[in-house]
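Chain and residue survey
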Amino acid sequence: MSATLTEPDAAPRTPKTPPPRSSRSTAGDRRGKAPLPWAPWLLLAPSIVLLGVMVVYPTIVMFINSFTNLEIKNKMLGTAPDFVGFDNYIEVFTKSDFPAVLARSLGLMVVLTVLIIALGMLVAMLMTKLTKGWRLTVSIGLLLAWAMPPLSATVVWGWIFDTDYGLVNWALNTITGTNDFRGHSWLIDPWSFMMVLTILIVWQSVPFAAFTFYAGRGQVPDEVLEASALDGASAWQRFRLIVLPYMRNIITAVIVLETIWNMRIFTQVYALQQQGGIASETNVLGTYLFRQGLGEFGVTAAIGVFMVVLLMAISYFNVRNTLKEEEL
């Protein structure tokens, strides 16, 4: 009897796993997938070029011209101006009415900014208490005032305060039962001119502040307000101790923007001056710079440099305080 040898059962086959990759190859893959270091600058390049052409270059030219006696005759004859050092700055502050215009502009800026911030916050808080229908109505009214071009708004308000056919004079005559306000000019007197200008700018600037504050009000947790109300805090205490701290950064941003915009107002002032205001007694920095720039470009450049430094200082002070509060 012969025996046959059989092969033992083969062991079960397992799938082969690939060998682990070396750390060098893994690092190479990571380096290959990493973003290029110059990619963000490539994306920012168009904006940087635009800022350089539209902002940086004119600012440098203005700074250089402020130390020269550049006038319109140099432009016409093609001659180079002479270097005069700080003579333009000395002339601006000692031999012109620029200090009075600067004081008027700063005072107007403070009044406008305070009124816009206060009324904008008040409207924003009122909008949180309105029903949906009334809130929509108020929002449409704010948008209409905000969307109106400054020149058109100035013409409309000029008609409202018109000397002969103005709505304000008619209403005051009707209320008093006299004709004392017939032919009364609101723009000839500098103080009443500034009153009309303040009403106009505040009316058109409050919508931006109101919408911004209303959006920021949504960041305040309702649970915190409800808890403080249960603890006995009044409405003013909740607003001062809870709402304002939560909205501090938004309020600071709006203050900085309004400060810059109110310092640079031009259209409304110039248009009201054309309707009856006395330019020499109602000029602000924008209109003063415009009228000064018709001849002496060196002096105008000195005024422009001072305005840039002033606005940067005001903005830096507000932004720095905000950053300090965030670090705390």
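Above: the structure in question.
These remarks concern the structure in this document. (Residues numbered from 1 in each chain as written. Predicted model: local features only at pLDDT ≥ 70, side-chain atom pairs only at ≥ 80, totals over all residues. Heavy atoms only, no water.)

On to the overall build of the protein chain. Secondary structure summary: the protein chain contains 16 helices and 0 strands in total. Here the protein chain holds 328 residues, and the buried ones make up 31% of them. Nonlocal contacts in the protein chain, meaning residues at least 24 apart in sequence, comprise 67% of its contacts between residues at least 6 apart. Just so you have it, the protein chain exposes about 21,600 Å², and 67% of that area is on carbon and sulfur atoms. (Helix = DSSP H or I, 4+ residues; strand = E, 2+ residues; numbered from the N terminus. Buried < 20%, exposed > 50% of the residue type's maximum accessible area, 1.4 Å probe, protein only. Contact = heavy atoms within 4.5 Å. Areas by Shrake-Rupley, 256 points an atom, 1.4 Å probe, with all protein chains shown as cover.)

Our next topic: helix H13 (residues 267–274). Among all positions in H13, only Gln268, Val269, Ala271, Leu272 and Gln273 are buried. Structurally, H13 contributes buried residues whose contacts are with helix H7 (150–160), helix H9 (190–217), helix H14 (279–282) and helix H15 (285–292).

Here we take up the packing of aromatic side chains. Evaluated as defined, the whole model comprises 19 aromatic pairs. On the basis of an interplanar angle of 80° and a centroid distance of 5.7 Å, the ring pair of Phe98 and Phe306 is categorised as edge-to-face. Here the residue Phe98 occupies a position in helix H5 (residues 98–129), and Phe306 occupies one in helix H16 (residues 297–327), the gap between them amounting to 208 residues. The exposure class of Phe306 is partly exposed, given its relative accessible area of 23%. Between Phe208 and Trp261, the aromatic rings sit 5.3 Å apart at their centres with planes inclined by 65°, giving edge-to-face as the arrangement. Taken as a pair, Phe208 in helix H9 and Trp261 in helix H12 (residues 248–263) lie far apart in primary sequence, 53 residues in all. You can call Phe208 buried: its relative accessible area is 16%. Site record: aromatic cluster; members linked through ring pairs are Phe63, Phe67, Phe83, Phe86 and Tyr89. (Phe/Tyr/Trp six-rings, centres within 6.5 Å; stacked < 30°, edge-to-face > 60°.)

Our next topic: the pattern of salt bridges. Applying the stated criterion to the full structure yields 1 salt bridge. Close ionic contact of Arg217 with Asp222 constitutes a salt bridge, the shortest N to O distance being 4.0 Å. (Salt bridge = Lys/Arg side-chain N within 4 Å of Asp/Glu carboxyl O.)

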